[in-house]
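Listed below are the residues making up each chain.
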Amino acid sequence: MKKCFFLFLLVSVGVQSQTDSTRLQWFNDAKLGIFIHWGMYAVNGTSESWSFHNGTVPYDTYMHQMKGFTANRFDPEAWAALIQESGARYAVITTQHHDGLALWNTLELTPYPSKSDWNTSFPNSTYPAAKNALWDAKKPLSTIYQTPAARDLITPVSNALRKKGIHFGAYYSLLDWSHGDYPKFLKETDRYQITQDPQRWNRFLRFMHRQIAEINTQFSPDLYWFDGDWEHTEAEWGASTIDSIIHTSNPKAILNGRLPSYGDYSTPEQNMPITHPEKKSWELCLTSNESWGYQPTDTHYKTTNEVLRIFTECLNMGGNLLLDIGPKADGTIPEEQVRLLKEIGRWTNKHAEAIYGTNAGLPYGHYHGNSTLSKDRKTLYLFVNAVRPDGTPAQASIDLMLKGVKNQVVSAEVLGTTTNVPVKTVGKISWSRVPGTLFLNVPAEALDAEITVVKIVLDTSLDLYRGQGGFH
Ligand code: GLC
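Keep in mind it's a predicted model, so treat the numbers as computed, not measured.

Reading the values: rules and limits
- Residues numbered from 1 in each chain as written.
- Predicted model: local features only at pLDDT ≥ 70, side-chain atom pairs only at ≥ 80, totals over all residues.
- Heavy atoms only, no water.
- Near = heavy atom within 4 Å.
- Polar contact = N/O pair within 3.5 Å; in protein donor to acceptor, adjacent residues only side chain to side chain.
- Areas by Shrake-Rupley, 256 points an atom, 1.4 Å probe, with all protein chains shown as cover.
- Phe/Tyr/Trp six-rings, centres within 6.5 Å; stacked < 30°, edge-to-face > 60°.
- Helix = DSSP H or I, 4+ residues; strand = E, 2+ residues; numbered from the N terminus.
- Buried < 20%, exposed > 50% of the residue type's maximum accessible area, 1.4 Å probe, protein only.
- Lys NZ or Arg CZ within 6 Å of the ring centre and 35° of its normal.
- Domains from an automatic or database assignment.
- Contact = heavy atoms within 4.5 Å.
- Buried area = accessible area lost by both parts, 1.4 Å probe.
- Salt bridge = Lys/Arg side-chain N within 4 Å of Asp/Glu carboxyl O.

Regarding the site of the ligand
And step 1. Around the ligand there are 14 residues in total, and His37, Glu48, His97, His98 and Glu269 lie nearest to it.
And step 2. One of the side-chain nitrogen or oxygen atoms of Glu48 is found 2.8 Å away from an oxygen atom of the ligand.
And step 3. Between the ligand and Tyr171 there is a distance of 3.4 Å, counted from an oxygen atom to a side-chain nitrogen or oxygen.
And step 4. Summarising the interface, the protein chains cover 95% of the accessible area of the ligand, which totals 310 Å² for the free molecule.

Okay, structure coming up:
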């Protein structure tokens, strides 16, 4: 009987983890995603939500940006086409940032800040009641009712993406600094503490959980990208309720790691991980300049080469890159970001087989650079950054060194070209099991303008020598 029980347990755990890895398969294979931060903050080009929270912009000035949020040149099909051209296989859009403005058709009402909360947070400013109201609190705080865009902007985005086979992800901020029942308002001020007024907190929770249910019903997102979790514990957010709201009707949905016990993958932000992130699946989210939303004064863009080098670092560690763009208030995408996505697309398209559906590359010590491995472990892809400081490709051939590969090399070529890469083996002792060191000479004329990929086909599944050298 006992044995049976343990057997059952083993089988069900096995089934569970198998279904989990099947559920995460598309995400693990997708490698590149585009993050879209779009909201009222694009109107004045201030930082998304943080500008009022940190007091660099008065709250009323910030919220008045809604009056300029027109989306009058918004072309969701053009967005989806650009995202597809970049080679991204999923996109994540802000359905609602920390400022509380919903971009979809929410029916939930956001209570207006009360006079006393206002006076505590802004002792020197007059309470904007009635005709100066920041928003019409009888209607939901959404782009439909409170902005000249006057419509739900998420439906067209999700439809256009899915039409192109791109997975749809919904970013949603758990915290909502505009909501009259949310404890925190500005960095220095709280409306109240949960322990002082649990009922008020429960009202907020009901609102937030219902919004998530709306998003789930209206879009059935392939992925949820929660943010703003740091202000409360998972228990306070009602994370298990959120999990069941989503998974009861949308069992395949993937959750990012900002509700850690329920998250499927780790989400390092801006900074490259040096050691493997906590969860097996992971994604680095990265701005294309230094801002998430549209900020025209921020011209500190990463070069295409920098983004691609970061991307290949992610690939090497088996992770994804979620690269951010910040559309303008009229819905157009800044030209620097369009160019960046197109240039990335040129590269991803040429090197697709070294990117999508691959696994992490060689462990440290075998090759001084990034690499990926095909799922059957028979093809190795080495990434070579061969750009000179002025951005032009290197002019001389490049000699790569690869150590500890026990397999026979069947062929080596520059991916996306017809150029073969001569392979020379040195230091092989005929009677020792230790493999020789390989030198691969990549001809200058086959180098890519950004990152060159050398494809190495092996006779059998990759077999690495991990010893201390010498004869054994
Ligand atoms: C941070 C910020 C937020 C941004 C997010 C994207 O958590 O709060 O503004 O949307 O990063 O990762």
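Here we look at the packing of aromatic side chains
And step 1. A complete count under the given rule lists 36 aromatic pairs for this structure.
And step 2. Ring geometry for Trp38 and Phe74: centres 4.9 Å apart, planes at 50°, overall tilted. Taken together, the positions of Trp38 in the loop between β1 (32-36) and α3 (41-44) and Phe74 in the loop between α5 (59-64) and α6 (76-86) put the pair 36 residues apart, joining distant regions of the chain.
And step 3. By relative accessible area, Trp38 is classed as buried at 1%.
And step 4. Measuring from ring centre to ring centre gives 6.5 Å for Phe311 and Trp347, while their planes differ by 75°; the resulting arrangement is edge-to-face. Residue Phe311 is located in helix α13 (residues 304-316), and its partner Trp347 is located in helix α14 (residues 335-350); the two are separated by 36 residues in the primary sequence. We note that Phe311, like Trp347, is buried.
And step 5. In this structure an aromatic cluster arises from ring pairing among Trp50, Phe52, Tyr59, Tyr62, Tyr112, Trp118, Phe122, Tyr127, Trp135, Trp177, Phe185 and Trp230.
And step 6. The ring of Tyr356 carries the charged tip of Arg89 above its face, separated from the ring centre by 3.5 Å.
And step 7. Over the face of the ring belonging to Phe185 we find Arg191, whose NZ or CZ atom lies 4.1 Å from the ring centre.

Details of the domain arrangement of the protein chain
And step 1. Assigned domains of the protein chain: these are domain 1 (24-350) and domain 2 (359-458).
And step 2. Averaged C-alpha coordinates put domain 1 and domain 2 at centres separated by 40 Å.
And step 3. At the interface, 16 residues of domain 1 touch 20 residues of domain 2.
And step 4. Between domain 1 and domain 2 lies a buried interface of about 1,400 Å² when both sides are counted; carbon and sulfur atoms form 45% of it.
And step 5. It is Asn316, Trp347 and Lys350 that lose the most area in domain 1 upon contact with domain 2, and together they represent 41% of the buried surface on that side.
And step 6. Applying the counting rule to domain 1 against domain 2 returns 3 salt bridges.
And step 7. The closest approach of N and O atoms between Asp448 and Lys350, which form a salt bridge, is 2.7 Å.
And step 8. Of all the secondary structure elements, the ones that give two or more residues to the side of domain 1 that touches domain 2 are α2 (25-30), α13 and α14.

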